[in-house]
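Working through the structure, step by step
Listed here are the chains, written in short residue letters.
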Amino acid sequence: MEKINVSLGKRSYHIIITDKLFNHTSLVDIFWPLKSGDNVMLITNENISNLYLKKIITSLRSLNLKIDYIILPDGEKYKTIDTINYIVTALLQKKHGRDTTLIALGGGVIGDLTGFAAAIYQRGVRFIQIPTTLLAQVDASIGGKTSVNHILGKNMIGAFYQPTSVIINTTFLKSLPIREFSSGLAEVIKYSIILDNDFFQWIKKNINLLFSLNNQVLKYCISRCCRLKTSVVICDEYEKSYRSILNLGHTFGHAIESYMGYGKWLHGEAISAGMVMAAQTSINMNKMHHSNLDEIVHLLQCAKLPIHGPLEMKPGDYLPYIIRDKKMLTNNLRLIIPISIGSAEICTNLSHEMLFNAISDCNKKYN
């Protein structure tokens, strides 16, 4: 079992990485700070409940916890304020107080919903992340971003609210569909592009072992991503400046998700196409050499990820969503662009024409 500390003062917590969640000899350590007699509301979705709900409840009951659970429909389209109301109603009906703990068992959607519900229920209760997808294990479960979507934009309603702990069990990935696994690899590759060229080269070398779910390779990959994200979050918890580099590809990617309808494109798929557009923007600004983009595109293709946006989206279709993006500050867009593999920067005061041209150039190259 590996522990990674997210050092945020009173909001500090551990990320635990294991491959033995269901047969660990010290569940008390795994599920800290839960203790005998505590109330728990576990939140999951239909797919995950069929696979793991009984096992998790058995583990929690062995600690003498009082457990209720909610099973939500599966999918990004349910990441809404209506679902939050459903969760809050269930908590009230089951008479959960401020001393309760919410547990998110699922991917990024479940983690975001549970975290946001925890942030607002009775002005804040504890919550634990148990991510079951690669994307959630390397990214979404860490750092305290919680949110729901709005019809006019992704993740527009939410709060920064740190979990009490993050419990990553690598064996969950054995039941993950290949498309979902590839979606998670987009965030893995993102970290390497913005922060770590050596990691980028490692991913290239080990991409086949990752797809074969080699346990040691998986654990190293997840640990490396967790440590990279943690280092950024510690520097800038509330994304005032530096943390926004983690949004590489997200400005374009969120536009794709919103335009197409939530869930049509998986988050990682949209981010993959968005990273190519961001890299093309950097090339057009003479910030990055085109050979770097070739390397990025090749690795994304090896990861079975898209390298261009939806055929039905024209360059102009992106702009209304980009203008409403959370990364806009005083009407100035902050776009994260790579300047080499392993390094990125925050770029401001980009014109609509520059974004339009980058999207058009990608469409011409890769469609």
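Right above here is the structure, for reference.
Below, the structure is looked at part by part. Residue numbers restart at each chain and count upward from 1, following the sequence in its written direction. pLDDT decides what is reported in this predicted model: residues at 70 or higher carry local features, side-chain atom pairs at 80 or more are listed and counted, and totals for whole chains, interfaces and linings draw on all residues regardless. Heavy atoms from the whole structure form the basis of all side-chain values; hydrogens and water molecules are not counted.

Another aspect to go through is the packing of aromatic side chains. We call Phe, Tyr and Trp rings a pair once their centres come within 6.5 Å, taking the six-membered ring for Trp, and we label the pair stacked below 30 degrees between planes, edge-to-face above 60, and tilted otherwise. Overall, the coordinates contain ten aromatic pairs when judged by the stated rule. Aromatic side chains Trp 202 and Tyr 220 sit 4.8 Å apart centroid to centroid with 50° between the ring planes, which places their arrangement in the tilted category. Placement of the pair is Trp 202 in helix α7 (residues 197–211) and Tyr 220 in helix α8 (residues 215–235), with a sequence separation of 18 residues. Ring geometry for Tyr 259 versus Tyr 321: centroids 6.3 Å apart, planes at 90°, classification edge-to-face. You can see Tyr 259 sitting in helix α9 (residues 250–260) and its partner Tyr 321 sitting in helix α12 (residues 315–323), a full 62 residues away along the chain. Put simply, the rings of Phe 22, Tyr 52 and Phe 172 touch in pairs and so form one group of aromatic residues. By definition here, charges over rings are those cases where NZ of Lys or CZ of Arg is within 6 Å of the ring centre and within 35 degrees of the ring normal. The positively charged end of Lys 304 is found above the aromatic ring belonging to Phe 211, 4.7 Å away from the centroid. Numbering of helices and strands runs from the N terminus; a helix is a DSSP stretch of H or I covering at least four residues, while a strand is a stretch of E covering at least two.

So, about the pairing of strand β9 (residues 165–169). Burial classification: accessible surface area is computed with a 1.4 Å probe over protein chains only, and a residue below 20% of its type maximum counts as buried, one above 50% as exposed, and the rest as partly exposed. With respect to burial, β9 is a largely interior element, five of its five residues being buried. Here β9 shows a buried face lined by Ser 165, Ile 167 and Asn 169 and a second buried face lined by Val 166 and Ile 168. Pairing between two strands requires that DSSP report at least two bridges joining them. Looking at chain direction, strand β2 (residues 13–18) and β9 are connected through five bridges and run parallel. Bridge pairing links His 14 to Ser 165 in β9. Relative to β9, strand β6 (residues 126–131) is paired through two bridges, and the arrangement is parallel. Bridge pairing links Gln 129 to Val 166 in β9.

All right, on to the nonpolar core then. Grouping buried Ala, Val, Leu, Ile, Met, Phe, Trp, Tyr and Cys residues that are joined through side-chain atoms within 4.5 Å yields what is termed a nonpolar core. Residues Ile 15 and Leu 210 are the most contacted members of the largest nonpolar core, which totals 80 residues. Residues within four places of Leu 210 in sequence aside, it is in contact with Phe 181, Leu 185, Trp 202, Ile 203, Val 217, Leu 218 and Cys 221. Grouped together as the second largest cluster of nonpolar side chains are 23 residues, Leu 53, Leu 60, Ile 167 and Phe 172 included. The contact criterion used throughout is that any non-hydrogen atoms of two residues lie within 4.5 Å.

From the geometry alone we can't say anything about function, so treat these as descriptive.
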